[in-house]
Amino acid sequence: MKNFHALGLGTLTALGLAAMSILPAAAEWKPTKPVEFIVPAGTGGGADQMARTLQGIIAKHELMSTQLIVINKSGGAGGEGFLDVKNNKGNPHKIVITLSNLFTTPLATGIPFNWKDMTPVAMLALDEFVLWVNASEPYKTAQEYTAAIKAAPDGTFKMGGTGSKQEDQIITVAFEKAVGKKMTYIPYKGGGEVAVQLVGGHINSSVNNPIEAVSQWRGDKLRPLCVFDEKTLPYTDKILGDLSWSSVPTCKSAGVDVEYLMLRGIFMPPGVTDEQVAYFVDLFKKVRETPEWKQLMKDGAFNQTFMAGAEFKDWLTKAEATHKGLMQEAGFIAAAN
Amino acid sequence: MFENFVNLWHGFGIAADPFNILLMAVGILLGVIIGVLPGLGGANGVAILLPLTFSMSPTSAIILLTCIYWGALFGGAITSVLFNIPGEPWSVATTFDGHPMARSGRAGEALTAAFTSSFVGAFVAIVMITMIAPLVAQFALRFGPAEKFAVYFLAFASFVGMSKEPPAKTVVSMMIGFALAAVGLDMVTGQLRLTFGSEELLNGFDFLIAVIGLFGIGEILLTMEEGLEFRGKAAKIDAKVVWHTWKTLPKYWATSLRSCVIGCWMGITPAGATPASFMAYGVAKRVSKTGKNFGNGEIEGVIAPETAAHAAGTSAMLPMLALGVPGSPTAAVLLGGLLIWGLQPGPMLFVEQSEFVWGLIASMYLGNIVGLILVLTTVPLFASILRIPFSIIAPVILVICAIGAYTVNNNVFDVVMMLVFGVIGYVLKKTNYPLAPLVLAIVLGDSAEEAFRQSLLGSAGSLSVFWSTPLVATIMGIGLLAGVWPLISNLISRVRGVAQPA
Amino acid sequence: MSETSHGAGTGPTQRNAEIGVGLLTLLFGLIVVYGSYIVGFGWGPDGPQAGFFPFYVGLIICGCSLINIVQGTREDPKALFTEWKQLGQVLKVLVPTTVYVALVPFLGIYVPSVILIAVFMKWLGSYGWPLTIAVAFGVPAFFYATLERWFLIPLPKGPIEAMLGL
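Since we're looking at a predicted model, the values are computed, not measured.

Thresholds, definitions, all that
Here the residue index of a chain counts from 1 through its sequence in written order. All chains are assigned letters beginning at A, and all ligands numbers beginning at 1, according to the order in which they are written. Per-residue local features of the predicted model are confined to residues with pLDDT of at least 70, and side-chain atom pairs are confined, for both listing and counting, to 80 or more; whole-chain, interface and lining totals are unaffected and use all residues. As a rule here, side-chain values cover all heavy atoms of the structure and leave hydrogens and water aside. Throughout, exposure labels follow a simple rule: accessible area from a 1.4 Å probe, protein chains only, divided by the maximum for the residue type, with under 20% read as buried, over 50% as exposed, and the rest as partly exposed. What counts as a helix is a DSSP run of H or I of at least four residues, what counts as a strand is a run of E of at least two, and both are numbered from the N terminus. In this description, one arc is meant: the one made by directions from the helix axis to the C-beta atoms. Contacts are assigned to residue pairs that have any heavy atoms within 4.5 Å of one another. Domain delimitation follows an automatic or database domain assignment. Once two parts are brought into contact, the accessible area they lose, counted with a 1.4 Å probe and summed over both, makes up the buried area. The working definition used for a salt bridge is a side-chain nitrogen of Lys or Arg within 4 Å of a carboxyl oxygen of Asp or Glu. Polar contact is defined as a pair of N or O atoms within 3.5 Å, subject to the rule that within protein one atom must be able to donate a hydrogen and the other to accept it, and that residues adjacent in sequence are counted only when both atoms are side-chain atoms. As a working rule, the residues Ala, Val, Leu, Ile, Met, Phe, Trp, Tyr, Cys and Pro are called nonpolar, Asp, Glu, Lys and Arg charged, and the rest polar, with Gly in that last group. Among the buried residues, those of types Ala, Val, Leu, Ile, Met, Phe, Trp, Tyr and Cys that are joined through side-chain atoms within 4.5 Å form a nonpolar core.

Here we come to helix α5 (residues 142-151) of chain A. All names here are of chain A. Among all positions of α5, only Ala 142, Tyr 145, Thr 146 and Ile 149 are buried. Along the axis of α5, the buried positions cluster into a sector of 95 degrees, meaning they face one direction only. On its buried side, α5 packs onto β5 (130-134), α6 (167-179), β8 (205-206) and β9 (222-227).

Another aspect to go through is the domain arrangement of chain A. Residues and elements named next belong to chain A. Structurally, chain A comprises domain 1 (2-127 + 262-330) and domain 2 (130-247). Spacing between the C-alpha centres of domain 1 and domain 2 amounts to 29 Å. Opposite the 22 residues of domain 1 that make contact, domain 2 presents 15 residues. With both sides pooled, the region where domain 1 packs onto domain 2 buries about 1,500 Å², and carbon together with sulfur makes up 60% of that total. The tally of links from domain 1 across to domain 2 stands at two salt bridges. Among the salt bridges present, the one from Asp 237 reaches Lys 298, with a minimum N-O distance of 3.4 Å. Here domain 1 and domain 2 share five residue pairs in polar contact (both at pLDDT 80 or more) between them. Going through the elements one at a time, α4 (101-109), β12 (262-268), α10 (291-299) and α11 (309-330) are the ones with two or more residues in the side of domain 1 that touches domain 2. A per-class count over the side of domain 1 that touches domain 2 returns ten nonpolar, seven polar and five charged.

Across the boundary between the two partners, chain B contributes 62 residues, which contact 65 residues of chain C. Looking at the side of chain B facing chain C, the largest losses of area belong to Met 224, Ile 403 and Lys 430 of chain B, adding up to 10% of the total buried there. At the surface where chain B touches chain C, the tally comes to one salt bridge. Between Glu 18 of chain C and Lys 169 of chain B there is a salt bridge; the shortest N-O distance is 2.6 Å. Our count for the contact surface shared by chain B and chain C stands at six residue pairs in polar contact (both at pLDDT 80 or more). When contributions to the side of chain B that touches chain C are tallied by element, the ones reaching two or more residues are α2 (18-36), α3 (42-49), α8 (167-182), β2 (191-193), α9 (207-225), α18 (390-409), α19 (412-430) and α20 (436-458) of chain B. Broken down by element, the residue count for the side of chain B that touches chain C peaks at twelve residues, all from α18 of chain B. Its residues assigned to classes, the side of chain B that touches chain C shows 46 nonpolar, eight polar and eight charged.

Here we come to the nonpolar core. Residue and element names in this part refer to chain A. Judged by nonpolar contacts, the single largest core of 310 residues is most densely connected at Trp 245 and Phe 280. Once you skip the residues sitting within four places of it in the chain, Phe 280 turns out to touch Trp 29, Val 35, Pro 92, Ile 95, Val 121 and Met 268. Membership of the second largest hydrophobic core comes to 25 residues, among which are Ile 38, Phe 113, Leu 263 and Trp 315.

Chain B puts 51 residues into the contact, and the matching count from chain A is 51 residues. Taken together, both faces of the contact between chain B and chain A bury some 4,400 Å²; the carbon and sulfur share is 62%. By the criterion of area lost to chain A, the three top residues of chain B are Leu 141, Leu 202 and Gln 344 of chain B, representing 12% of everything that side buries. The interface formed by chain B and chain A holds two salt bridges in total.

What follows covers the domain arrangement of chain B. Residues and elements named next belong to chain B. Each domain of chain B was delimited in the assignment, giving domain 1 (2-141 + 158-200 + 207-468) and domain 2 (469-502). Relative to domain 2, the C-alpha centre of domain 1 lies at a distance of 29 Å. In this assembly, nine residues from domain 1 lie in contact with twelve residues from domain 2. For the pair domain 1 and domain 2, the summed buried surface comes to about 780 Å²; carbon and sulfur atoms form 72% of the total. For domain 1, the biggest contributors to the area lost against domain 2 are Arg 286, Phe 466 and Trp 467; these three give 54% of the whole. In this assembly, domain 1 and domain 2 are joined by zero salt bridges. Here domain 1 is connected to domain 2 by one residue pair in polar contact (both at pLDDT 80 or more).

Below, the structure written as structure tokens:
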């Protein structure tokens, strides 16, 4: 019966809120009403999953005195969600989780926002990208695959990815440059769909995040060739046979000098106070200590770098410049509109 | 296959635990509430309750969540029939005949038919899952962009070309739908289009907002014009209505069976429940003897889309489990849930988590039976809502519509759009423009265009990709045939008419 | 639908309504064509550009709108679209609803809902105050409890809710 109570719990906590909000704010800032957690992507995607996991962890461990409410605002490649945060100046009851579209959307679509329009809170983790092929293909290593691409005419090999002019296509363009041949990039709506299209043989390769394709690897349907990071992944749990994430070589070592990591970070609206930011930095630090979060990091083979404050801002400045450079080279910058 | 039955038996052992049965009932009731509130669809409902299930065992959690999904499927039909407001995309086709039935005082009958058909559709789909799950998963893998486009094409072809309205008006209506579907971000090039720099239009036109406006608000305006009453007011509320309707249902076994097949097939191919419901309605209208009367309150027009939608909705769970690709937005959220509970959907799930999978499948059987019993008992209650005077119910419906429109994207602008669509719906209906093609185009236009362009990217711009494999060629062939069928049948009847003048 | 409007009385004619709708769809078609033109409607090296489909969709809308306008002019010039009296009935719903929708961005959804239901019941239904107040406050309160508190879906709120600390 205790599980049944979990349902009513929301109601009770919620009713309790009305009482809480009357109390005066203590010296140390705390949320006084439910906090909106904006996801600038659709339900079911990587960012949405992470946001809902965070919501579940925070609720389960009672890390926050009020509720965290996940709201999807996916319009315009996430632009809708970021604009909402940007326009809610000084509202401390709103946070947003980011994908790479924090950088790519304003550049590719001209939707007017920039990370500097918001208050950076913390980097939760970085998502890795892996080069995948169908397990029935003969390519065992990235070298073999790139050799095959080089031997064929331009556009023979099809790369599938999520969305257009976003992280997957940016990696593809960088990959093409490293290999010296064009590929045909086919955009799909979500990472899961890309992985299945690869299993079905409708595309030749993908740059799925680990969590999107790991189950297909375990089922021996897909094969990881290399990871787009500077060093190999630290996770040694066996996935298929004796193979684990740590046995996937870096793309650089395979002669493809491409590195890309996707930010999973938290931002707040502009004009919030330092105490309010500090509250959320502290909250996410606590989240990182929970077993559920550690499990998620392991399942998704995430890069567990955590940053906040000035360090995070430096990282963002650099990442923005990198994206601008990559997208300019690829011709992805929107004409002024 | 025998092994499947052994597994299923174990599954029943898990699912039939009293606590799980209780969860089923709670889930179904929550789902019905979610389904009744437009805008708060199954995907939203499941997403909202997902974090509450983290403390449960995965099997109990997914039983609760899938039952919310079943409940939402059942509940979507209620507002469609009573107020002409489809709570879910796949309930749109149910309004075509369900609401006219309610207006002529047969709300109870329409609801009973809808619920029973939902059950039949879902049940057949579950039986199919039990028997041929692995096979089906293999088949779904063969669907690339070209095959998907062919399926959408087939859905369009079997639905259009059968309206009574002037062809030019039907075309305008459908094209407006396509144009509205195109607004926002173009997925293939990552460009914004038709937004004219407006932030409000970034999200495009959500189908649900259009439908709440066109159908829900439009209906209220039409009712006002005809004088202040709901004609269904005189409806006799009879507790035996369920039984009386059941006696008539076996007559329509052929429609049910056909819709089950369409539904299962569309659910496995990742096209989903919405095209399935439109397609089943279109096919039923063509095949049925009373096809001409469709749209005026034919019970067959309720049975066909409901059966197909639920067969599709249920069989869509299979690709999700076996491949890790969601067949619907709700399935996408459930998929996220699986990951959070530490289960990896995909080819190994059936092997490594056999207990979970078969527990889930068994709970589908039980959940649907529990669901049917629960919702049927509510039929007289819901039918009696129509007895509330119009001047009370109308503003309440307006408020519900506004809340529904807002919750789709959490955007106040959508509430304004809903009203605009309402006026458009009223005017278009008065000037004989059919609304169904418009709605179908908004729902499927985007996906169809996307699949079309993905195919062309893969084939370097060559249209031959749509004839490249036997599978895609067959579907396209059937689609073309369905598209020109009205012409052929017209020709045949003319030839016959000449041969033997009446 | 036109058979409902053959009654006595006057009103806008069906012919004018048909032509008017035709002109509106034509305008819509032109906007779509223009919008597609901006983003490019050609056939690029890798298939159609972003505006390709909307462009032709827009052209078809324009073409068929012209057909509809021509056919509209052939309608019986006496047939009525609707009577003025009936139109008045429609406006009785439409005007309060428009005011309602216009208020939502400023006052949130709850206060306008109370007003809308009250106006409807009092003005169109002539119900007594006790019932009117019960329904007008009860329905929004119900939605507040289920959506906002139970399902945790925030609805738009205005200054009055902020004052009450909700």
